[in-house]
Amino acid sequence: MNRQNIDIPQTSIEDQRRYIAEINEITSKKDLKYHIITYGCQMNVHDSEKLAGMLNTMGYTETLEQNKADLILFNTCCVRENAELKVYGNVGSLYTSKQQNPNMIIGICGCMMQQEDISHYIVKKFPFVDLIFGTHNLHHFPRLLWGALHSSHTVVEILDKEGLIVEDIPLTRNLGVSAWTTIMYGCNNFCSYCIVPYVRGRERSRQPIDIISEIKQLSEDGYKEITLLGQNVNSYGKDLGKHYYFSDLLREIDDIDGIERVRFMTSHPKDLSKDLIMAMAESEKVCEHLHLPIQSGSNNVLKTMNRGYTREEYMDLVNLIREKIPQIAVTTDIIVGFPGETDIDFAHTLDVVNKMEFDSAYTFMYSQRTGTPAAKMDNQIDNKTMKARLQALMELQNKISRNINSRAHNQIVEVLVEGLSKNRNDMFSGRTRSNKLVNFAAPYDVTGKIVQIKVNKAKTWTLEGVMV
Ligand code: SAH
Ligand code: SF4
Ligand code: F3S
């Protein structure tokens, strides 16, 4: 296995051109198709847009049908165990397809592969996999794929260290009105339960000029909504040494013509500054939605989680944001069953949820991640207790979400239309500025437009209405 603990030289996609040209020669004769399966967060989804971009430059075309693909790529996530189990199941089920079609290439990349024990296990357990690589060498994909096309063994290359940011990777974005752009990579926070800092490396911010020119281009390409991505966008710029921070970036993006809405995720409560709140309040395009993970409502648990704030500080912050931006929707992430979490700790979480009235919450059972400090704590919580707590938390949150959504009944909301609804094909769907999903009837195709919808039905997770 080729595992390298070296500083990676900054290479560009241009350096890959020999491989791109050679693969192009193969694809031009054979009309080869690819299919990418993506797990995990938006960062991974966005990385898959880069993989797709590189594949398109190499002459591959996308197929949505896995069984018609000549190249199947799994872009994996390891934030919780169930994300990993899905990958094992899905890769395993390709064994017969690979026997029937030995020319098919199977590749696995992403966060899960950055864990040494897991990439070793995959090589052993699934020897029919052709290519394995990690998150730090994504831009070397053309060379790695070339290797896989020319080798009878599994090509494995995982770099232990992040390199400099590579800017010129081609992107194939999903067509639509909304585009993602990563503004920073990695995370320095080391929350004690979380694997992300180990698999994504340290925080690296992109240069403002690169972000701004990308967004200007997206505007010219017709995108109306931009979501800025990073594990902790509030610490954007701290590594640049330019006194240019996230609030400065938001203010600059606010001036870009053609972009109507700006969103960002994820914010860390310990780094959310007053200056940023003011920038959000003042920027016309920044939407009235903040995703601010609390993780737990107990100060004891927050401390062992290494989150760097107390429940009181969190609540003060949300109250301040609501005072400055009254229309704002606040959503959160919560983990139940962190090691040592007592019934009283959990009651504190329910109490904060009651007090804060989040618009919605992603709720998770704690998952032990090898290599993190929390995995070694000896007071792990049993599954039954975790399940019961998750159930209680979800019931409470659903009641609150339903309640908040019911206030929208008979109101007129502004919706940016994404297209036909996925569940109801007689309806269109889009989001309000506060990020609520709205399904509605319209007399003509309004995809890509901003429309006014009168809400006539409020559900727990969605709103329904008609165009006015
Ligand atoms: N950087 C973001 C998101 C990280 S992952 C943040 O700081 O909020 C998304 C969510 O997964 C986290 O907010 C957390 O709630 C959850 N998560 C992370 N590690 C977990 C673990 N080991 N078990 C259960 N949930 C976890
Ligand atoms: Fe994980 Fe914490 Fe970093 Fe979020 S801030 S990615 S939860 S370590
Ligand atoms: Fe998962 Fe990696 Fe994102 S671990 S949550 S895909 S950063």
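Residues numbered from 1 in each chain as written. Chains lettered and ligands numbered in written order. Predicted model: local features only at pLDDT ≥ 70, side-chain atom pairs only at ≥ 80, totals over all residues. Heavy atoms only, no water.

S.K.: Would you mind showing me how to read the packing of helix 10 (residues 274-282) against helix 12 (residues 311-324) here?
M.R.: When two helices pack together, their arrangement is captured by the angle between the axes and the distance separating the axes. The contact between helix 10 and helix 12 brings their axes to 10 Å, and the two run at 30°. Judged by the inter-axis angle, helix 10 sits roughly parallel to helix 12. The handedness of the crossing between helix 10 and helix 12 is right-handed. Contacts between helix 10 and helix 12 involve Lys274, Ile277, Met278 and Ala281 from the former and Leu317, Leu320, Ile321 and Lys324 from the latter. Considered class by class, the residues forming the contact of helix 10 with helix 12 number six nonpolar, no polar and two charged. (Axes fitted to C-alpha atoms, helices over the stretch in contact; angles between N-to-C directions. Helix = DSSP H or I, 4+ residues; strand = E, 2+ residues; numbered from the N terminus. Parallel < 35°, antiparallel > 145°, perpendicular 65-115°, else oblique. Left-handed = near helix turned anticlockwise from the far one by under 90°. Contact = heavy atoms within 4.5 Å. Nonpolar A, V, L, I, M, F, W, Y, C, P; charged D, E, K, R; others polar.)

S.K.: Hey, could you run me through the packing of helix 13 (residues 343-356) against helix 14 (residues 383-406) in this one?
M.R.: At a minimum axis separation of 10 Å, helix 13 and helix 14 run at an interaxial angle of 10°. Considering their axes alone, helix 13 and helix 14 lie roughly parallel with respect to each other. Here Asp343, Phe346, Thr349, Leu350, Val353 and Asn354 of helix 13 come into contact with helix 14, specifically with Arg389, Ala392, Leu393, Leu396, Gln397 and Ile400. Of the residues assigned to the contact of helix 13 with helix 14, the class counts are seven nonpolar, three polar and two charged.

S.K.: Mind showing me how you'd approach the side chain of Glu214 here?
M.R.: Within the secondary structure layout, Glu214 lies in helix 8 (residues 208-220). Look at Glu214 and you get buried, because its relative accessible area is 15%. If near-sequence neighbours (up to four positions away) are discounted, Glu214 is found in contact with Leu171, Arg173, Trp180, Thr181 and Arg206. (Buried < 20%, exposed > 50% of the residue type's maximum accessible area, 1.4 Å probe, protein only.)

S.K.: I tried to follow the sheet that holds strand 8 (residues 178-182) on my own but got confused; where do I start?
M.R.: Through backbone hydrogen bonds, the strands of a sheet pair up, either in parallel or in antiparallel fashion. The strand order across the open sheet built from three strands is 8-11-12, with neighbouring strands paired in parallel fashion. Single-partner strands in this sheet number two, and they are strand 8 and strand 12 (261-265). When strand polarity is set aside, the average angle formed by the axes of neighbouring strands in this sheet is 20°. Where strand 8 meets strand 11 (residues 225-229), five bridges bridge the pair, whose relative direction is parallel. Looking at strand 11, one finds that Ala179 is bridged to Ile226. Contacting strand 8 and strand 11, helix 8 runs over the sheet at an angle of about 170° to strand 8. Where helix 9 (residues 246-254) meets the sheet, it contacts strand 11 and strand 12, and its direction lies at approximately 160° from that of strand 12. (Pairing = 2+ DSSP bridges.)

S.K.: Explain the packing of aromatic side chains here, please?
M.R.: Any aromatic ring pair is given by two values, namely how distant the centres are and how the planes are angled relative to each other. The tally for this structure, following the rule as stated, stands at 13 aromatic pairs. Pairing Tyr88 with Phe126 gives two aromatic rings, centres 6.4 Å apart and planes at 25°, and the pair type is stacked. Note that Tyr88 is positioned in helix 3 (residues 81-92) and Phe126 in the loop between helix 5 (116-125) and strand 6 (131-133), a separation of 38 residues in sequence. Here the aromatic rings of Tyr309 and Tyr314 are separated by 6.1 Å at their centres, their planes lie at 40°, and the arrangement is tilted. Just as Tyr309 is buried, Tyr314 falls in that class too. Against the face of Trp146 rests Arg18, its NZ or CZ located 5.5 Å from the ring centre. Across the ring face of Phe364, the terminal group of Arg80 is positioned such that the distance to the ring centre comes to 3.7 Å. (Phe/Tyr/Trp six-rings, centres within 6.5 Å; stacked < 30°, edge-to-face > 60°. Lys NZ or Arg CZ within 6 Å of the ring centre and 35° of its normal.)

S.K.: Is there a simple way to think about unusual backbone geometry in this case?
M.R.: As a rule of thumb, non-glycine residues mostly have phi less than zero, and peptide bonds are mostly trans rather than cis. Of note, the bond from Met265 into Thr266 is cis; its omega dihedral lies within 30 degrees of zero at 5°. Within the secondary structure, Thr266 sits in the loop between strand 12 and helix 10. Even without a glycine there, the phi angle at Glu357 is positive, about 45°. On the secondary structure map, Glu357 appears in the loop between helix 13 and strand 15 (360-365). Of note, Asn435 is a non-glycine position whose phi angle comes to about 75°, a positive value.

S.K.: Is there a simple way to think about the pattern of salt bridges in this case?
M.R.: In a structure, side chains of opposite charge can pair up when their charged atoms sit close to one another. On inspection of all chains with the given rule, the structure shows 33 salt bridges. Here Arg17 ties to Glu14 by a salt bridge, and the two come within 2.9 Å at their closest N and O atoms. Here the residues in one salt-bridge network are Arg424, Asp426, Lys457, Lys459 and Glu464, joined through shared partners. (Salt bridge = Lys/Arg side-chain N within 4 Å of Asp/Glu carboxyl O.)

S.K.: Would you mind showing me how to read the sheet that holds strand 19 (residues 450-458) here?
M.R.: Here we have five strands rolled up into a closed barrel, ordered 16-17-18-20-19, and mixed in their pairing. On average, adjacent strands in this sheet sit at an angle of 50° to one another, irrespective of strand direction.

S.K.: I would appreciate a short explanation of the site of ligand 1 in the present structure.
M.R.: Among the 15 residues in the neighbourhood of ligand 1, the closest are listed as Arg80, Gln231, Gln295, Asp333 and Ser367. One of the backbone nitrogen or oxygen atoms of Tyr193 is found 3.1 Å away from a nitrogen atom of ligand 1. Between ligand 1 and Gln231 there is a distance of 2.8 Å, counted from a nitrogen atom to a backbone nitrogen or oxygen. Computed on the free molecule, ligand 1 has an accessible area of 530 Å², of which 90% lies beneath the protein chains in the complex. Elements that contribute at least two residues to the shell around ligand 1 include exactly strand 14 (329-336) and strand 15. (Near = heavy atom within 4 Å. Polar contact = N/O pair within 3.5 Å; in protein donor to acceptor, adjacent residues only side chain to side chain. Areas by Shrake-Rupley, 256 points an atom, 1.4 Å probe, with all protein chains shown as cover.)

S.K.: Is there a simple way to think about empty space enclosed by the protein in this case?
M.R.: Any empty space left between atoms is shown by rolling a water-sized probe over those atoms. What the rule picks out here adds up to two cavities of 30 Å³ or more. In this model, the second largest cavity occupies a volume close to 40 Å³. In terms of lining, the second largest cavity is formed by Val262, Arg263, Phe264, Val286, Cys287 and His289. Of all the elements, strand 12 adds the most residues to the lining of the second largest cavity, at three residues. Across the lining of the second largest cavity, the residue classes tally to four nonpolar, one polar and one charged. (1 Å grid on protein atoms, 1.4 Å probe; cavity = no way out; pocket = protein on both sides within 12 Å on 5 of 7 lines; lining within 4 Å. Points joined across faces, edges and corners; volume = space filled by probe spheres on them.)

S.K.: Please explain the site of ligand 2 as it appears in this structure.
M.R.: Taken together, Cys187, Asn189, Phe190, Cys191, Tyr193, Cys194, Val196, Pro197, Gln231, His268 and Arg307 form the complete shell of residues around ligand 2. Residue composition of the shell around ligand 2, by class: seven nonpolar, three polar and one charged.

S.K.: Would you mind going over the layout of surface pockets with me for this structure?
M.R.: Of the pockets and cavities examined, the second largest pocket occupies roughly 600 Å³. Around the second largest pocket, the lining is made up of 21 residues, and of these Gln327, Ala329, Asp359, Ser434 and Lys436 lie nearest the centre. Breaking the lining of the second largest pocket down by element, the ones donating at least two residues are helix 14 and strand 16 (412-420). Per element, the largest residue contribution to the lining of the second largest pocket is three residues, and it comes from strand 16. Split by domain, the lining of the second largest pocket shows at least three residues from each of two domains, domain 2 (178-406) and domain 3 (412-467). (Domains from an automatic or database assignment.)

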